[in-house]
Amino acid sequence: MSEPVVEVFSGTDDLVAAAAARFVAVVTEAQALRGSASVVLTGGGTGIGLLEVVRKAPGAIDWSRLDVFWGDERFVPAGDPERNELQARQALLDHVPVDPARVHPAAASDGEYPDPVEAAAEYSAAVHAHLAQHGAFDLHLLGIGGEGHVNSLFPHTDAVREAHELVVAVTDSPKPPPVRITLTLPAVRLARHVAVVTGGAAKAEAVAAALAGAAPVDIPAAGAQGSATTTWLLDEEAAANLPR
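Residues numbered from 1 in each chain as written. Predicted model: local features only at pLDDT ≥ 70, side-chain atom pairs only at ≥ 80, totals over all residues. Heavy atoms only, no water.

1. Description of the overall build of the protein
Operational definition: Runs of H or I in DSSP of at least four residues are treated as helices and runs of E of at least two as strands, each being numbered from the N terminus. Only C-alpha atoms enter the radius of gyration; for comparison, a globular chain is expected to reach 2.2 Å times N to the power 0.38, where N is the number of residues. Note on exposure labels: buried denotes an accessible area under 20% of the residue type's maximum, exposed denotes more than 50%, and partly exposed covers the range between, all computed with a 1.4 Å probe on protein chains only. Contacts are assigned to residue pairs with any non-hydrogen atoms lying within 4.5 Å of each other. Each accessible area is a Shrake-Rupley estimate made with a 1.4 Å probe; only the visible protein chains count as cover when residues are assessed. Residues scored as charged are limited to Lys and Arg (positive) and Asp and Glu (negative), so that His and the chain ends carry no count. For the purpose of locating charges, the reference atoms are NZ of Lys, CZ of Arg, CG of Asp and CD of Glu.
Helix and strand counts for the protein stand at seven helices and nine strands. Taking 244 residues into account, the globule formula puts the C-alpha radius of gyration at 18 Å, and the protein, at 17 Å, falls close to it. Along the longest, intermediate and shortest principal axes, the C-alpha atoms of the protein span 50 × 40 × 30 Å. Out of the 244 residues in the protein, the part that is buried amounts to 53%. A separation threshold of at least 6 residues defines the contact pool for the protein, and within that pool the share at least 24 residues apart is 76%. As displayed, the protein has an accessible area near 10,100 Å², and 52% of this comes from carbon and sulfur atoms. The averaged location of the 31 negative side-chain charges in the protein is 5 Å from the averaged location of its 16 positive side-chain charges.

2. Re the UniProt feature "domain: Glucosamine/galactosamine-6-phosphate isomerase" (unreviewed entry) in the protein
Condition: UniProt positions are given in the numbering used here, feature names are shortened, and annotations may be inferred rather than shown by experiment.
Under the local residue numbering, the UniProt record ascribes the feature "domain: Glucosamine/galactosamine-6-phosphate isomerase" (unreviewed entry) to residues 12–232. Secondary structure content for residues 12–232 is 35% helix and 18% strand, and the end C-alpha separation is 14 Å.

3. Considering the pattern of salt bridges
Quick reminder of the rule: Each salt bridge in this description consists of a side-chain nitrogen of Lys or Arg and a carboxyl oxygen of Asp or Glu lying within 4 Å of one another.
Inspection of every chain in the model, using the stated rule, returns nine salt bridges. Here Asp72 and Arg180 are joined by a salt bridge, their closest N and O atoms 3.9 Å apart. Placement of the pair is Asp72 in strand β4 (residues 72–74) and Arg180 in strand β7 (residues 180–183), with a sequence separation of 108 residues. Both residues of the pair, Asp72 and Arg180, belong to the buried class. The salt bridge involving Arg83 is made with Glu73; its shortest N-O contact spans 3.8 Å. Here Arg83, found in the loop between β4 and α3 (84–91), pairs with Glu73, found in strand β4; they are ten residues apart in sequence, far enough to count as distant. Classification of Arg83 as buried rests on a relative accessible area of 1%.

4. Points about the packing of helix α2 (residues 44–55) against α3
Basically, it comes down to this: Between the N-to-C directions of two axes lies an angle of 0 to 180 degrees, each axis being a line fitted to C-alpha atoms and, for a helix, fitted only over the stretch in contact. With respect to orientation, any angle under 35 degrees is reported as roughly parallel, any angle over 145 as roughly antiparallel, any angle of 65 to 115 as roughly perpendicular, and every other angle as oblique. For a crossing to be left-handed, the near helix must be turned anticlockwise from the far one by less than a right angle; the clockwise case is right-handed. Under the scheme applied, nonpolar residues are Ala, Val, Leu, Ile, Met, Phe, Trp, Tyr, Cys and Pro; charged residues are Asp, Glu, Lys and Arg; polar residues are all the others, including Gly.
Their axes nearest at 8 Å, the elements α2 and α3 cross at an angle of 30°. Overall, the two elements α2 and α3 adopt an arrangement that is roughly parallel. In this structure, α2 meets α3 at a crossing whose hand is right-handed. Along the contact surface, α2 presents Gly44, Ile48, Leu51, Glu52 and Arg55, while α3 presents Gln87, Ala88, Gln90 and Ala91. Its residues assigned to classes, the contact of α2 with α3 comprises four nonpolar, three polar and two charged.

5. Topic: the packing of helix α1 (residues 12–34) against α2
Contact geometry of α1 with α2 gives a least axis separation of 8 Å together with a crossing angle of 65°. Pair α1 / α2 crosses with right-handed handedness. On α2, the residues touching Leu15, Val16, Ala19, Ala20, Phe23 and Val24 of α1 are Thr46, Gly49, Leu50, Leu51, Val53 and Val54. Considering only residue class, the contact of α1 with α2 consists of ten nonpolar, two polar and no charged.

6. Digging into unusual backbone geometry
A negative phi angle characterises most non-glycine residues, just as the trans form characterises most peptide bonds. Following Pro176, the chain continues to Pro177 via a peptide bond in cis, the omega torsion being -5°. Along the chain, Pro177 turns up in the loop between β6 (167–170) and β7.

7. Quick word on α2
Structural remark: α-helix, 3.6 residues per turn; residues separated by three or four positions point the same way. Worth spelling out the cut-off: A helix's residues, less one, multiplied by 1.5 Å, set its expected span.
Over its twelve residues, α2 extends 17 Å from the first C-alpha to the last, a length consistent with the 16 Å expected when each residue adds 1.5 Å. When we look at burial in α2, the residues that qualify are Gly47, Ile48, Gly49, Leu50, Leu51 and Val54. Among the structural elements, α1, β2 (37–41), α3 and β5 (137–142) are those in contact with the buried residues of α2.

8. Some details on the packing of aromatic side chains
Quick reminder of the rule: Working definition: rings of Phe, Tyr and Trp (its six-membered ring) pair if their centres are within 6.5 Å, and the pair is stacked with planes under 30 degrees apart, edge-to-face with planes over 60 apart, and tilted otherwise.
Within the structure shown, the criterion is met by two aromatic pairs. For the pair Phe69 and Tyr123, a centre-to-centre distance of 6.5 Å together with 50° between the ring planes defines the contact as tilted. Taken together, the residues span a long stretch of sequence, with Phe69 in strand β3 (residues 66–70) and Tyr123 in helix α4 (residues 116–134) at a distance of 54 residues. The same class applies to Phe69 as to Tyr123, namely buried.

9. What about α4?
Put simply, the test is: This arc is built from the directions going out from the helix axis to the C-beta atoms. Definition of a polar contact: a pair of N or O atoms within 3.5 Å, with one able to donate and the other able to accept a hydrogen when the atoms are protein atoms, and with sequence-neighbouring residues admitted only if both atoms are side-chain atoms.
Given a rise of 1.5 Å per residue, 19 residues ought to cover 27 Å, and the 27 Å separating the end C-alpha atoms of α4 matches this to within 8%. Buried within α4 we find Pro116, Ala119, Ala120, Tyr123, Ser124, Val127, His130 and Leu131. Along the long axis of α4, the arc covered by the buried residues comes to 135°, so they all point the same way. Counted as exposed and oriented over 90 degrees from the buried face of α4: Ala132 and Gln133. In this structure, the buried residues of α4 make contact with β2, β3, β5, β6 and β7. Sitting at the amino-terminal end of α4 is Asp115, which places a side-chain oxygen 2.8 Å from the backbone nitrogen of Val117. A positive phi of about 90° marks Gly135, the residue just after α4.

Shown next, in the form of structure tokens:
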């Protein structure tokens, strides 16, 4: 696993622009090397904001050769505005020529798999099929919560302790909604490149703890590592507690 590299930006606009540039660079490099690329998206204001910037970028990405996954999903109806999938489609995917067969959302609660455990199993099958063919994800984007969660992996929960399964259902999330589907830390570590993108003073304590080597069960973000690179893109407020 790679050691983390920290990049600090003066404000949200610069942070989001840098994260979007990272997205484009990883995807285009992967497509040049291997013919296709895969990304795992994250939600939240910064995660969706970078997708809006990517949408406006020059046409370097071949969208028809991109596989899209999500790191986690709120298990709510398909039209619920809280769904990460819906937000990502509005910000980017509905505006670029992606191949619908290569967009892999987790099931909605009103879909074919109303049981979250079954929905997680279905999503796990899609993840495993992709990895069997391609070996890894190219880029896994992550936000971080104020208590250090990434995806829907919260401190001291069964999901963050999961050591084998790549996808699990969460039925007692401390942050609403309580039911979610999430990729686990073993799945995050199957990405060549991991980018943790976050801003704001509320994240500073968790950021510092993760980068100081906290146990992932205490600060889940500490367990987020890519096989080739792990990059933390932060604004100055989120980086405030880091050593200078």
